[in-house]
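An overview of the molecular structure
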Amino acid sequence: MSISKKKIIHYLSTTSKGEINKLFSKANALTEKLYQNKIHFRGIIEFSNICEKNCCYCGLRKDLKIDRYQMTKEDILKCAKFCSDMGYGSIVLQSGELTTDKRLEFLINIISTIKKKYNLGMTLSLGELPKESLKELFKAGGHRYLLRIETSNEKLYKKLHPNDKNHSFQNRLNALENLKSLGYQVGTGVMIGLPFQTYEDLANDILFFKDFDVDMLGMGPYVPHPKTPLYKSPPILKDNFTLSLKMVALSRLVLKDVNIAATTALQVFDKQGREKALLAGANILMPIVTPTDLRKNYLIYPDKPCVEDTKEKCFNCITGRLKSIKKEMGQNNWGDSKHFYRRTKK
Ligand code: SF4
């Protein structure tokens, strides 16, 4: 199915329930053709909230006074073991951005130990690291990397970030190029319903994903954080929950065989947010496995779901949710991006 930019904008802006449901069921049909009813899991370990950056929308930004933490190797390994025991197949190591040598050494050690002990699929989500660091992490066993572009509109990107060389749009693009050239499966994504953002911006985001030839997508609705500078600018677009589902569905139809996550932020707006995304083109879930006592300090956005829960509770909750929509976990399977293998002809 080829979809023009005009058509994408039409679907993003339509309020016709019939049209919207048809869009979601088309995207779900294609997803099931590609992956049957299997949903691949990545247990997400938010191992540190220390960040050198100051993105204007983020609850972990450097200038905010929050309790900062970094998990020990031992505690990270416990989380990885849990994922292995539960059959998750993959993990995500996520943190704020920190470019020190000490952090790099710590990560190389952790990644290689997890690979040796549990052979889990390994996605990294660590921000814009220098190319040399990314190379070391790839050698250690990281093979997928998530780095959101946040928006493909450079002018809007500038409004979301401080105006300095540490927050440049070009650096973000370069980092994405570096990941690709190093052999990672590359994931990106955007926030949906941002202040100043238009339907055309979102349509351009999907075309950017296509042009960049991404392997994975993680997108979610923008959730305004009252303690951040962006909070004072109200969004223009309404109902960013439905808009997010439409972005998932349209991305599936345009990009086809990429992995698309049903992100936790969807659940801020709708208790069945993630299930709805899994019925509209998403095929990946990222249950949180971060220890419960740390979750309240990893609030990129407010009202984050599952903050009081344990990893065991999240497992039971999520498997129940899947059952309710007649889908199931792709057990003990890395669930790599099919698109990556097609792109690289491996
Ligand atoms: S979005 Fe990422 S890089 Fe930016 S402040 Fe938040 S954690 Fe740091």
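Remember, predicted model here, so these are calculated numbers, not experimental data.

1. Some remarks on the overall build of the chain
A tally of helices and strands in the chain yields 14 helices and 11 strands. Across the 346 residues that make up the chain, the buried fraction comes to 46%.

2. Quick word on the site of the ligand
In the region of the ligand, the neighbouring residues are Cys51, Lys53, Asn54, Cys55, Cys58, Leu60, Arg61, Gly96, Glu97, Gly127 and Ile300. Each residue belonging to the shell around the ligand can be placed in one class, and the counts come to five nonpolar, three polar and three charged.

3. Here we look at the environment of Met191
Among the structural elements, Met191 can be located in strand β7 (residues 191-192). When the 24 C-beta atoms within 10 Å are taken as the criterion, Met191 is described as buried. For Met191, the contacting residues outside a window of four places in its chain are Glu150, Gly220 and Tyr222.

4. Overview of the pairing of strand β1 (residues 38-41)
Across two bridges, β1 lies against strand β11 (residues 328-329) in parallel orientation. In the sheet register, Ile39 faces β11, and the bridge partner there is Met329. Pairing geometry for β1 and strand β10 (residues 284-285), over two bridges, is parallel. If you follow His40 over to β10, its bridge partner there is Ile284.

5. Details of the packing of helix α8 (residues 199-212) against helix α9 (residues 240-255)
Here α8 crosses α9 at 35 degrees, and the two axes come no closer than 10 Å. For the crossing formed where α8 meets α9, the hand is right-handed. Taken together, the residues of α9 that come into contact with α8 (itself represented by Leu202, Ile206, Phe209 and Lys210) are Met247, Leu250, Ser251, Val254 and Leu255. In terms of residue class, the contact of α8 with α9 is built from seven nonpolar, one polar and one charged.

6. Points about helix α4 (residues 101-118)
Look at α4: 26 Å from first C-alpha to last across 18 residues, which is about the 26 Å you get at 1.5 Å a residue. In this fold, the buried residues of α4 make contact with α3 (73-86), β4 (121-125) and α5 (131-140). Phi turns positive, to about 45 degrees, at Asn119, one or two residues after α4.

Cut-offs used in this document
Residues numbered from 1 in each chain as written. Predicted model: local features only at pLDDT ≥ 70, side-chain atom pairs only at ≥ 80, totals over all residues. Helix = DSSP H or I, 4+ residues; strand = E, 2+ residues; numbered from the N terminus. Buried ≥ 20, exposed ≤ 12 C-beta atoms within 10 Å, placed from the backbone. Near = placed C-beta within 6 Å. Nonpolar A, V, L, I, M, F, W, Y, C, P; charged D, E, K, R; others polar. Contact = placed C-beta atoms within 7 Å. Pairing = 2+ DSSP bridges. Axes fitted to C-alpha atoms, helices over the stretch in contact; angles between N-to-C directions. Left-handed = near helix turned anticlockwise from the far one by under 90°. Expected span 1.5 Å × (residues − 1).

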